[in-house]
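Below are the chains, spelled out letter by letter.
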Amino acid sequence: MFANQNIDSTNTESLRHELKQEGKEIKQEIAKEIHTEGNPVTEVLDGLGDHQEFSFGPIHADVLPVLLYDQGQLHYYGSRGSMEQSGEYTMTHHHIVRASDNITPPDLDLSVTNLVAFQWLAMIVLAIVFFTASRKAKKSGNKAPRGIHNVLESIIVFIKKDIVEPNVTGKSADLLLPYFLILFLFILVMNLTGLIPGGHTATGNVAVTAALSIIAFVVINITALRESGVKAWFHHLLGGAPWWLFPLMIPIEIASLFIKPFSLTIRLFANMVAGHTVIFSLIGMLFLFQTIFLSPVVVGFATFINLLEILVAFLQAYIFTVLTAIFVGLAVGEHSHEHELEHAHN
């Protein structure tokens, strides 16, 4: 009797394992079929995502290194191709997964992706611009600036007079000017790079805008701490309310610290993705309906939105920078005011 029960239990486990494997295989087949037979609009919109290869227009180069931390081990591959040749990992719908089941992703993916490469490209462009302007400034001496030197000097004056000084007071204005200048130009170059045919917008990825916002969060709070001190910074969390409101005010003030960078993240990300999504969707309609009569309308609207995107690229770089300056000014002003009141009472 007991032997029969053990046999039934073994058969049940075996059947369960087989059904589980068949379920995985069916899931993979469905996902593969959806990916290969998806409509043209979704296929075109897929280009907005990040990729494991460097892509710029017709150029597709498998030259980006792959760095994975999985199951307690660090794996490094010179490229996506070398990773797949190792037999440990493979690509499924632009994502790295374990080759054993073609589903499970690695524990942590630290690979250099296409959007990371475009961030590096923006850094290289800015380094070349600053180096060129610096050489021209040294050669011109006391002469009026010309060319790239004149353009860069105008941008510096604009950032200083119209963004930093009206919002940030005291020594912090001069100290933070390089940060705001690089922030504005870095976002602007990344935005404009995505408007080049075949280019990609790094700021259209929420991870990039989140990283910029985290840096802004650190700058805001470190500046406030440096200007007013730790005691005044913690006192600000009370919001100036009576002590019996502390349990209510402290969570609200802590939440406000994180709401500001969160709003910066979503605003820049959403605005940069919106225009590209509309353009790609309009182009996808041509392939979806497969009629030449839509061409004038689609091309006309796509061209108009692309021109509008140039304005949006400058506007979003300005908005992110000026809001960061405003948040710094508010933090420094509030904490400094509380610091002065504390000294006055003493």
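Note that the structure is predicted; figures quoted are calculated from it, not measured. (Residues numbered from 1 in each chain as written. Predicted model: local features only at pLDDT ≥ 70, side-chain atom pairs only at ≥ 80, totals over all residues. Heavy atoms only, no water.)

A. The arrangement of the overall build of the chain in detail. For the chain, the helix and strand inventory stands at 10 helices and seven strands. Among the 346 residues that make up the chain, the fraction classed as buried is 34%. At a minimum sequence separation of 6, the contacts of the chain that also span at least 24 residues come to 64%. (Helix = DSSP H or I, 4+ residues; strand = E, 2+ residues; numbered from the N terminus. Buried < 20%, exposed > 50% of the residue type's maximum accessible area, 1.4 Å probe, protein only. Contact = heavy atoms within 4.5 Å.)

B. The arrangement of the packing of helix H5 (residues 147–167) against helix H6 (residues 171–193) in detail. Two numbers describe how H5 lies on H6: the axes approach to 10 Å, and their chain directions differ by 120 degrees. The orientation of H5 relative to H6 falls into the category oblique. Where H5 crosses over H6, the two elements pack in a sense that is right-handed. Residue-level contacts link Leu152, Ile155, Ile156, Ile159, Lys160 and Val164 of H5 to Ala173, Asp174, Leu177, Phe180, Leu181, Phe184 and Leu185 of H6. The residue makeup of the contact of H5 with H6, split by class, is 11 nonpolar, no polar and two charged. (Axes fitted to C-alpha atoms, helices over the stretch in contact; angles between N-to-C directions. Parallel < 35°, antiparallel > 145°, perpendicular 65-115°, else oblique. Left-handed = near helix turned anticlockwise from the far one by under 90°. Nonpolar A, V, L, I, M, F, W, Y, C, P; charged D, E, K, R; others polar.)

C. A look at the packing of aromatic side chains. Going through the model one piece at a time under the given rule, you end up with seven aromatic pairs. Their ring planes at 35 degrees and their centres at 6.0 Å tell us that Phe158 and Tyr318 sit as a pair that is tilted. With a gap of 160 residues between them, Phe158 in helix H5 and Tyr318 in helix H10 (residues 295–345) connect regions that are remote in the sequence. Clustering of aromatic rings is evident, with ring pairs tying together Phe54, Phe56 and Phe118. (Phe/Tyr/Trp six-rings, centres within 6.5 Å; stacked < 30°, edge-to-face > 60°.)

D. Broad picture of the sheet that holds strand S3 (residues 66–70). On the basis of which strands lie adjacent, the open sheet formed by three strands has the order S4-S3-S7 and antiparallel pairing. Whereas interior strands pair on both sides, the edge strands pair on one side only; in this sheet they are strand S4 (73–77) and strand S7 (108–109). As paired strands, S3 and S7 are joined by two bridges and run antiparallel to one another. Counterpart to Leu68 in the pairing with S7 is Asp109. (Pairing = 2+ DSSP bridges.)

E. Focus on a positive patch on the surface. A cluster of basic side chains, namely Arg135, Lys136, Lys139, Lys143 and Arg146, defines a positive patch on the protein surface. For Lys143, the location among the structural elements is in the loop between helix H4 (114–140) and H5. Under the relative-accessibility criterion, Lys143 is labelled exposed at 64%. (Patch = residues over 30% accessible without salt bridge, like charges linked within 9 Å, V, L, I, M, F, W, Y side chains within 5 Å. Areas by Shrake-Rupley, 256 points an atom, 1.4 Å probe, with all protein chains shown as cover. Salt bridge = Lys/Arg side-chain N within 4 Å of Asp/Glu carboxyl O. Lys, Arg positive; Asp, Glu negative; His and termini not counted. Charge placed at Lys NZ, Arg CZ, Asp CG, Glu CD.)

F. Structural context of the pattern of salt bridges. Throughout the structure, instances matching the rule amount to five salt bridges. Residue Arg80 pairs with Glu53 through a salt bridge whose shortest N-O separation is 3.5 Å. Separated by 27 residues along the polypeptide, Arg80 in helix H3 (residues 80–86) and Glu53 in the loop between helix H2 (40–45) and strand S1 (54–56) bring together distant segments of the chain. Asp70 is paired through a salt bridge with Arg98; the nearest N and O atoms lie 2.7 Å apart. With a gap of 28 residues between them, Asp70 in strand S3 and Arg98 in strand S6 (residues 95–98) connect regions that are remote in the sequence. Judged by relative accessible area, which is 17%, Arg98 ranks as buried.

G. Structural view of the side chain of Ser213. Position of Ser213 relative to the elements: it lies in helix H7 (residues 206–228). At 3.2 Å, the side chain of Ser213 and the backbone oxygen of Pro261 are in polar contact. Beyond its immediate stretch of four places on either side in the chain, Ser213 contacts Pro261, Leu264, Thr265 and Phe320. (Polar contact = N/O pair within 3.5 Å; in protein donor to acceptor, adjacent residues only side chain to side chain.)

H. Examining the pairing of strand S5 (residues 89–92) more closely. As paired strands, S5 and S6 are joined by four bridges and run antiparallel to one another. Residue pairing for S6: Thr90 is matched across the bridge by Val97. Hairpin connection of S5 to S6: two residues between the antiparallel strands, including His93 at a positive phi of 55 degrees.

I. Spotlight on the nonpolar core. Counting 44 residues, the largest nonpolar core has Ile159, Phe180, Leu212 and Val328 as its most contacted members. Broken down by secondary-structure element, the contributors of at least two residues to this core are H4, H5, H6, H7, helix H9 (246–289) and H10. At 14 residues, the largest contribution of residues to this core is made by H6. Leu68, Met83, Tyr89 and Met91 belong to the second-largest nonpolar core, a separate cluster that totals seven residues. (Core = buried A, V, L, I, M, F, W, Y, C linked by side-chain atoms within 4.5 Å.)

Note that all results are geometric; they support no functional claim without further evidence.
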